[in-house]
Amino acid sequence: MISVSNLKKNYESFQALKGISFDIKEGEFFGLLGPNGAGKTTTISIMSTILEPDEGSVSIAGFDLKNNPTECKKNIGVVPQEIALYNDLSAYDNLLFWGSLYDVPKDVLKVRIDETLQLFGLFDRKDDKVKTYSGGMKRRINIASALLHKPKVLFMDEPTVGIDPQSRNLIFEVLEKLHKEGMTIVYTTHYMEEAERFCDKIGIIDNGQIIAQGTLEELKSLSKMKETIVVSFENLSDSLYANISSEWEGVKRIENAIHFFTSEVNRDLSVIILKCNQAGLSISNIDIQKVNLETIFLSLTGKQLRD
Amino acid sequence: MIKLALKDIQLFFADKRALMLTVAVPMALITLFAFAFGGAGQTKGESRPKTLVIADEDKTEVSKNAIAELDSLKEFKVSQTSLDSAENLVKKGDVAAILVFHKGFRDSINAGNKPPIEFKYDAAKEAETGILQGALLGNLMGIIGVKSSAKSALEKFDSENPTMDSATRERIHTQISNNFSSSESKKQSDSFIKSTPLIAEEENSPGLIHAVAGTAIMMLLFSVVGMGASLLDEKQEGTLKKLLYSPIRPNSILFGKMIYANFVSAFQLVIMFIYAKLVFGLDIFSHLAAILLMILAIGYACSSFGVFLASFSKSRQQVQGMSTLIILVMSCIGGSMIPTFIMPVFMQKISVFSVNYWGIQGFYDIFWRMLPINDPTFLSRILVLFLLGTVLNFIALQMFKKNILKIA
């Protein structure tokens, strides 16, 4: 459904994308994860046709983005991170306007608007101005406005940021429904649990490059790790960390803690404590984390997802 | 309390835009108004030459000499043209008044009769006409009135006293000439120029036309800037980005704003003129087609101006800061605040760069000069407004692509 090949984009001397490639199959839920400034937004902006790449190609639903942007646009729906609605119009009028941009016949559009409002639990408030809505309700309308033309591909850029649990659950239900119905979804998020819950496939992007991609299981095996021993210290300094990191493969420092990636916790825990004591480090806490997307991400990028 | 005030003063001086609006903008406006009212750019005690268009129907040595003498005066900048052409200049609002030397001027002077001179004027330009007429009366009496009256008196004296010795005759001639040069004599001769309004007095007073047209256009400019700035709001609120995700062409977004601004502009002007009809009795129904055409032209030019300003700016705040100064300047030089005809000549020349000027003159054409809708002068103003709007739109389109579409 989507094919991205050797995508490059420079902003003056800064290389935002250094030649990324990936494919997304029809009906796939694809998570694009990366720390801030990694190139996620640039990639999404190019795929959603509002930014031209310097090099590389993108095809969506069989249409080449460069040669046929209008056809690509007809096949995509975009849910931007910011809530982009007209606050002085009602939810219904907002949806009527955004839907009309895609040449959906008016009678069909009206039926779809009613269905979508029901789906998002906002039918009873459809005539209220959007400015009277809560943040979560606005987010729901923001998503609804991208679905009215029934796109084949849906791009969602952190759609659940800063919303209440009720709205989040509603959005999750809609996402699951859309996924079941076969819609291809490209999803960026800072919430690992969302990516783990929904994504069939995950691409991890850092410094303008895809550093790993695959299913969660594939990423786990790619990172060659099972668990993480997180040791916090009272006196961690750069020189002491340099001392530890020279003796242990697969460590990352995050503030006053060192993450030791290991496949044998029982074997390595005592060795780690011994080495830390020998190095003069004073341990304040030890935590053992199981392997999840968060630890895989940390292991691959050296950064937490919210960095 | 003092600490709070000091903090605000510090913030005020740190905000260069606020500082500029507080100091530089009023200074610029004071300068502009000083020029507009003619108080600046002139040496003390010296007035600027008044444009005097003369139609010489007599075409004799006597009329030519009189015109040459007027031209030699510092007060006037004389130009000559045919009567028809001169009258058209008044009718089209290019000059406030003309002076006509009718046929028989020489003969009347020689016969010592009242010379056939006519001052034809546009009553809408009351102030300018009054100043010109005042200056003319004094000087014309000096040039023509005194000469003809003194000449006939001297001739009469000579014919009645043919035997008088030359020394006595010379002394009496001097005395008679001096008497005719006296101010009292001038006053008595004030009525020797016939004054005729060239444009018939209508129900619509020029003051009312000016107030309605000038204010409506100025306020419209302020409104359209807000409409143009809505483009920047869309950018700020993310809806512009969302529009760009859709299959509509980016240019369509700008054209959509233009249509919206045009519609609201026309609506606002229509309401203003209906109000002027209901409250002040401005006769709008006799010229409905011309008014609607002028409203469309002004709406187009003004809305293009609003979109043009927005396309240069990065935020609504920037548009508002910039527009206040530009609109006040345009309204001042274009005649929304004070009529252009009382401004110095160089200010009148600058006024053509303002939308206000063309709009106000267009409404004068309709309500005062009573020009028909197909009159070339009226149509030329419509054309200028549409051209101005098109040029502004073209530049706005380029700037829109360059500035506003940079969103990713």
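Residues numbered from 1 in each chain as written. Chains lettered and ligands numbered in written order. Predicted model: local features only at pLDDT ≥ 70, side-chain atom pairs only at ≥ 80, totals over all residues. Heavy atoms only, no water.

Trainee: What am I meant to see in the packing of aromatic side chains here?
Mentor: Two descriptors summarise a pair of aromatic rings, namely the distance from one centre to the other and the angle between the planes of the rings. Applying the stated rule across the entire model yields 18 aromatic pairs over all chains. On the basis of an interplanar angle of 10° and a centroid distance of 5.7 Å, the ring pair of A:Tyr86 and A:Trp98 is categorised as stacked. One end of the pair, A:Tyr86, is in the loop between strand 6 (76-79) and helix 3 (91-100); the other, A:Trp98, is in helix 3, and twelve residues separate them in sequence. With 6.1 Å between their ring centres and 25° between their planes, B:Phe119 and B:Tyr121 make a pair best called stacked. (Phe/Tyr/Trp six-rings, centres within 6.5 Å; stacked < 30°, edge-to-face > 60°. Helix = DSSP H or I, 4+ residues; strand = E, 2+ residues; numbered from the N terminus.)

Trainee: Is there a simple way to think about the sheet that holds strand 2 (residues 76-80) of chain B in this case?
Mentor: Across a sheet, paired strands are connected by hydrogen bonds in the backbone, their directions being either parallel or antiparallel. All names here are of chain B. The strand order across the open sheet built from five strands is 2-1-3-4-5, with neighbouring strands paired in mixed fashion. In this open sheet, the two strands that pair with only one neighbour each are strand 2 and strand 5 (194-197). Taken over all neighbouring pairs, the strand axes of this sheet differ in orientation by 30° on average, direction set aside. Relative to strand 2, strand 1 (residues 50-56) runs parallel, the two being bridged by five bridges. Counted as the bridge partner of Thr51 is Lys77 from strand 2. (Pairing = 2+ DSSP bridges. Axes fitted to C-alpha atoms, helices over the stretch in contact; angles between N-to-C directions.)

Trainee: Please explain the environment of B:Phe255 as it appears in this structure.
Mentor: Residues and elements named next belong to chain B. Relative to the helices and strands, Phe255 is located in helix 11 (residues 250-280). Judged by relative accessible area, Phe255 falls into the partly exposed class, the value being 39%. With 52 residues separating them along the chain, Phe255 and Val307 place their C-alpha atoms 9.7 Å apart. (Buried < 20%, exposed > 50% of the residue type's maximum accessible area, 1.4 Å probe, protein only.)

Trainee: Is there a simple way to explain the interface of chain A and chain B in this structure?
Mentor: In many analyses, interface size is given as the accessible surface area lost on bringing the parts together. Contacts between the two partners involve 21 residues from chain A, matched on the other side by 14 residues from chain B. Here chain A and chain B share an interface that buries about 1600 Å² over both sides, 66% of which is from carbon and sulfur atoms. For chain A, the biggest contributors to the area lost against chain B are A:Ile50, A:Lys73 and A:Leu101; these three give 33% of the whole. Linking chain A with chain B are one salt bridge, by the criterion used here. A salt bridge links A:Glu82 to B:Lys241; its shortest N-O distance comes to 3.9 Å. On the surface where chain A and chain B come into contact, there are six residue pairs in polar contact (both at pLDDT 80 or more). (Contact = heavy atoms within 4.5 Å. Buried area = accessible area lost by both parts, 1.4 Å probe. Salt bridge = Lys/Arg side-chain N within 4 Å of Asp/Glu carboxyl O. Polar contact = N/O pair within 3.5 Å; in protein donor to acceptor, adjacent residues only side chain to side chain.)

Purely spatial values, then, with no claim about function.
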